[in-house]
Amino acid sequence: MAINLSQIQDELLPKDYLLEDPFILYISVIGGIFACKMIYDVAHFISAIYFKSYSSLSVAQRIEWNNRVISTVHAIFMTIASMYFAFWSDLFSDNQHDRLLIFRCSPMSTFVLGVSVGYFLSDLGMIFWFYPSLGGTEYVVHHLLSMVSVTYAMLTGEGQLYTFMVLISETTTPGINLRWYLDAAGMKRSRAYLINGVLIFLTWLVARILLFMYLFYHIYTHYDQVKQMQTFGFLLVVIVPSVLSLMNLMWFGKIIKGVKKTIAKRH
């Protein structure tokens, strides 16, 4: 049986939220896509003027350079917003609301998720268009899983807390991108490259390993609420973090090998 999205929203979301919902969805997603385009153009303009190594890059490398600026801006924005909603805001506090935690949302939290959906749509479009230069199969799987989860939380208001927890893992993206920039600039043997590698290791450990362990613990302790979600939403909460955790562990192993290799070369 097909899922009636309007019916789900009527049952799960308060009326005052529903009145604003269409406007928030359209503006946030379109705004996210527009922001990606604007950042890409600004990155191209500024990089061509202030970074000498940019002009020596191939066309494919310039595209990736600009694409990584977009992902860095998105990562910084989503890290700040996600940490605020997940840990500092009263929206998902256990003691602040009568409404079940798993069904809580606000116009602002939904707007933020909409911006992220716009980013994932834009980035997936570029990945497919230039495939595989901007990322292989693992990037496509990661982005598809993330986009489906974020879109579902945005549309239904279900599981937004866990969506923000997963999005905190974007903390690692600026370091990963900086590593690529340093390599492109011929600074692979520099001290900055080594320090950046150590920071990637630490942020990955905290944001993609330890935080996911806390996420699973939180799901376990709030399982009485999680099981009340729609079937599709329940599967997303259980399966998506599990798959991403396996991918994170796989990439973490590569990071450890890379750090060891870099340190060994310096000695």
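Before reading further, recall that the structure is shown in the block above.
The rules behind each value
Residues numbered from 1 in each chain as written. Predicted model: local features only at pLDDT ≥ 70, side-chain atom pairs only at ≥ 80, totals over all residues. Heavy atoms only, no water. Axes fitted to C-alpha atoms, helices over the stretch in contact; angles between N-to-C directions. Helix = DSSP H or I, 4+ residues; strand = E, 2+ residues; numbered from the N terminus. Parallel < 35°, antiparallel > 145°, perpendicular 65-115°, else oblique. Left-handed = near helix turned anticlockwise from the far one by under 90°. Contact = heavy atoms within 4.5 Å. Nonpolar A, V, L, I, M, F, W, Y, C, P; charged D, E, K, R; others polar. Core = buried A, V, L, I, M, F, W, Y, C linked by side-chain atoms within 4.5 Å. Buried < 20%, exposed > 50% of the residue type's maximum accessible area, 1.4 Å probe, protein only. Patch = residues over 30% accessible without salt bridge, like charges linked within 9 Å, V, L, I, M, F, W, Y side chains within 5 Å. Areas by Shrake-Rupley, 256 points an atom, 1.4 Å probe, with all protein chains shown as cover. Salt bridge = Lys/Arg side-chain N within 4 Å of Asp/Glu carboxyl O. Lys, Arg positive; Asp, Glu negative; His and termini not counted. Charge placed at Lys NZ, Arg CZ, Asp CG, Glu CD. 1 Å grid on protein atoms, 1.4 Å probe; cavity = no way out; pocket = protein on both sides within 12 Å on 5 of 7 lines; lining within 4 Å. Points joined across faces, edges and corners; volume = space filled by probe spheres on them. Phe/Tyr/Trp six-rings, centres within 6.5 Å; stacked < 30°, edge-to-face > 60°.

(A) Structural context of the packing of helix α4 (residues 59–88) against helix α7 (residues 160–167). Packing of α4 against α7 brings their axes to within 8 Å, and their N-to-C directions diverge by 140°. Overall, the two elements α4 and α7 adopt an arrangement that is oblique. The interaxial crossing formed by α4 with α7 has left-handed handedness. Between α4 and α7, the residues in contact are M78, S82, F85 and A86 and L161, F164, M165 and L167, respectively. Looking at the contact of α4 with α7 residue by residue, the classes come out as 7 nonpolar, 1 polar and no charged.

(B) Here's a closer look at the nonpolar core. Ranked by internal contacts, the top residues of the largest apolar core, which has 50 residues, are L113, L161, Y162, F164, L215 and V226. Breaking this core down by element, the ones donating at least two residues are α2 (15–50), α4, α5 (107–129), α6 (137–156), α7, α9 (191–221) and α11 (231–266). Considering every element that reaches this core, the biggest residue donor is α11, with 9 residues. If we skip the residues at most four places from it in the chain, F164 touches S82, F85, A86, F92, S109, V112 and L113.

(C) Highlighting a positive patch on the surface. A surface patch of positive charge is lined by R179, K188, R189, K261 and K265. Note on placement: K188 falls in the loop between α8 (173–184) and α9.

(D) Quick look at the layout of surface pockets. By volume, the largest pocket amounts to about 1000 Å³. If you trace the largest pocket, you find 36 residues lining it, with R68, Y139, I176, N177 and W204 closest to the centre. Where the lining of the largest pocket is concerned, the elements lending two or more residues are α4, α5, α6, α8, α9 and α11. A breakdown of the residues in the lining of the largest pocket according to their chemical character gives 15 nonpolar, 12 polar and 9 charged. Here the second largest pocket defines a volume of roughly 220 Å³. Taken together, 10 residues form the lining of the second largest pocket, with K188, Y193, K261, T262 and K265 sitting closest to its centre. The dominant element in the lining of the second largest pocket, judged by the number of residues it contributes, is α11, at 5 residues. The class makeup of the residues in the lining of the second largest pocket is 1 nonpolar, 3 polar and 6 charged.

(E) A look at the packing of α5 against α6. In contact at an axis separation of 9 Å, α5 and α6 are set at 155° when each is read in the N-to-C sense. In terms of their interaxial angle, α5 and α6 are classed as roughly antiparallel. Here α5 and α6 pass one another in a crossing that is left-handed. Of the residues in α6, those in contact with T110, L113, G114, S116, V117, Y119, F120, L121, D123, L124, I127 and F128 of α5 are Y139, V140, H143, L144, S146, M147, V150, T151, A153 and M154. In terms of residue class, the contact of α5 with α6 is built from 15 nonpolar, 6 polar and 1 charged.

(F) Looking closely at the pattern of salt bridges. One pass over the structure, following the stated rule, counts 2 salt bridges. Salt-bridge contacts for K37 lead to D41; the nearest nitrogen and oxygen are separated by 3.3 Å. With K37 and D41 both in helix α2 and 4 residues apart, the pair spans about one turn of that helix. Residue class for D41 comes out partly exposed when judged on its relative accessible area of 37%.

(G) Focus on the packing of aromatic side chains. Enumeration over the complete set of coordinates arrives at 15 aromatic pairs. Taken together, a centroid distance of 6.4 Å and an interplanar angle of 55° make the contact between F92 and F164 tilted. Of the two residues, F92 is situated in the loop between α4 and α5 and F164 in helix α7; the sequence distance between them amounts to 72 residues. The burial state of F92 is the same as that of F164; both residues are buried. With 5.5 Å between their ring centres and 80° between their planes, W180 and Y181 make a pair best called edge-to-face.

(H) Inspection of unusual backbone geometry at higher detail. Geometrically, the link from Y131 to P132 is a cis peptide bond, its omega value of 0° lying close to zero. With respect to the helices and strands, P132 occurs in the loop between α5 and α6.

Treat this as a map of the structure, not an account of what it does.
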